[in-house]
Amino acid sequence: MKHSVTLDKDKCKGCTTCIKHCPTEAIRVRRGIAHITEERCIDCGNCIRVCPHKAKKAVCDDFERLKEFEYNIALPAPSLYGQFRNLTDVNQVLTAFLHIGFDHVEEVARGAELVSSLTKYEMESDPNLPKPLISSACPAAVRLICQRFPKLIPNISKVSAPFEIVAILARKEAVERTGLSPEKIGVFFITPCPAKVSAGRNPAGLEAPVVDGFFAISDIYKRLINAMKTTEEPQKLAHSGLIGVGWAHCGGESNAVFQGQHLAVDGIDNIIEVLEDLEDGLLPQIDFLELNACNQGCVGGCLTVENPYVAQTRIKQLIQHMPISMNKVSLDPGPPVYMFDDKPLEALPVNVLDEDIEVAMQKYAQIEALVETLPGLDCGSCGAPTCKTLAEDIVQGLASEDDCIFRMRERMQYLMGMGDADEYLPLPFRRRDEEAEQAEQERNES
Ligand code: SF4
Ligand code: SF4
């Protein structure tokens, strides 16, 4: 897996802020620097959002890559439209792409409408489909399921992502239009999040990547704004309606599928909660489950520039005057060309203690015993997000008991003989002093 989310070692201060916000416990700080465990990372972008030193980043492509191809196509995500103040016509944005180096632009919203149509087909054509059908559109959510909720993999929709479907179509149509061979055509997705970059580079369900490169919305935004200022008459390039553009915010996808009871969830912590409920059989009445790792949906991706709530409101205003939909899949002779039956999703177990089950059981017992001896504060000073993860790292030989500041206190005390090592610890980690607390309370009251 080639991840988009990476660390800039020169900027990392080892502050441990990120370890607490990673939903998959993928980050450790060791010797003053953060490390991401690649197989655990789902590219959700949380660490990019919270790092106070801007040391986490999403690696996208350089604009110079356009020079590698004879004909370039931009695929803007629907969330891009929410980034512009007072936008009344998406053609203004789409035309701007033709002024910044692209030869053609194809909306991902078009792919979203096709996916909506395919998902309806999927739900109607197979009476044995496990319920609820889970959207496959958010790659961070899909990877989370493969890691932590593998029992739910059969519930994930087999329809490819909108940007992949539209990439396949756009390249095919460009070949017909220009007579160029497919490899001379560059197809670039304008992405709101790193999860889509990683998913596009390592596509689930497709034999090979169908997108040549990825530009972050935040990287391309200024170029577009400048081009929009000088564009007088926008061309009519839009090929989608409110169903496709509405996918930009949480609830847009499930409104489009509108098949029985649906639930739209945003935010990775909420997703984990809902998936736990689902695994426990607590959501039997839901037919379709839309998952968005980012708050408010794709408008909340960490590669956007606008506040997600503002962007969501803009999208809702923008779609009011759009046609309902401009794209529908023809079911004749059958649609499954965009469904990934040939390369199904697989479980990605990340907590395997040992291949040998007996050894794994022994290690599990060691971890449980070790957790009992640790303070249970989950303070993160050891560089692991919780005491339990430190215990796992110790048993796996990746950390030492001395990494725990409290265990270190005991050790220092031992080394110092009868003395108390407390005064050598930073204030938050010293023992409670009831006399001092009482004195402070009296001071405050007086
Ligand atoms: S938040 Fe993480 S990546 Fe950023 S400086 Fe702190 S330890 Fe390093
Ligand atoms: S991108 Fe998400 S999963 Fe990956 S290291 Fe950062 S917070 Fe963890």
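Within any chain, residue numbers begin from 1 and follow the written order of that chain's sequence. Labels follow written order: the first chain is A, the first ligand is 1, and so on. pLDDT decides what is reported in this predicted model: residues at 70 or higher carry local features, side-chain atom pairs at 80 or more are listed and counted, and totals for whole chains, interfaces and linings draw on all residues regardless. Side-chain metrics rest on all non-hydrogen atoms present in the structure, leaving aside hydrogens and water.

### Focus: the packing of aromatic side chains
In step 1: Centres within 6.5 Å make a pair out of two Phe, Tyr or Trp rings, where for Trp the six-membered ring is used; the pair is then stacked when the planes are under 30 degrees apart, edge-to-face when over 60, and tilted otherwise. One pass over the structure, following the stated rule, counts eleven aromatic pairs.
In step 2: Both rings, one in Phe69 and one in Phe188, keep their centres 5.8 Å apart while their planes meet at 80°; by these two values the pair is edge-to-face. Of the two residues, Phe69 is situated in the loop between β4 (56–58) and β5 (71–76) and Phe188 in strand β8 (residues 185–191); the sequence distance between them amounts to 119 residues. Note on accessibility: Phe69 and Phe188 belong to one class, buried.
In step 3: Seen in terms of ring centroids, Phe97 and Phe102 are 5.7 Å apart; in terms of plane orientation they differ by 70°. Their pairing is edge-to-face.
In step 4: Remark: exposure states derive from per-residue accessible area (1.4 Å probe, protein chains only) relative to the maximum for the residue type, with buried under 20%, exposed over 50%, and partly exposed in between. We classify Phe97 as buried; its relative accessible area is 0%.
In step 5: Residue class for Phe102 comes out buried when judged on its relative accessible area of 3%.
In step 6: The rings of Phe63, Phe69, Phe97, Phe102, Phe188 and Phe215 are connected pair by pair, giving a single aromatic cluster.
In step 7: We call a charge positioned above a ring when the Lys NZ or Arg CZ atom is no farther than 6 Å from the ring centre and deviates by at most 35 degrees from the ring normal. Stacked on the ring of Phe63, the Lys or Arg Arg223 has its end atom at 3.8 Å from the ring centre. Segments assigned H or I by DSSP are reported as helices when at least four residues long, segments assigned E as strands when at least two residues long, and all are numbered from the N terminus.

### What about helix α6 (residues 194–201)?
In step 1: Burial of α6 is extensive: seven of the eight residues sit out of reach of the surface.
In step 2: Turning to α6, its buried residues number three or more, namely Pro194, Ala195, Lys196, Val197, Ser198, Ala199 and Gly200.

### So, the site of ligand 2
In step 1: With respect to spatial proximity, 13 residues lie near ligand 2, and among them Cys22, Cys41, Cys44, Gly45 and Cys47 are the closest.
In step 2: Under the convention adopted here, Pro, Cys and the residues Ala, Val, Leu, Ile, Met, Phe, Trp and Tyr are nonpolar, Asp, Glu, Lys and Arg are charged, and Gly plus all remaining residues are polar. In terms of residue class, the shell around ligand 2 is made up of nine nonpolar, three polar and one charged. We call a residue near a molecule or strand when any one of its heavy atoms sits within 4 Å of it.

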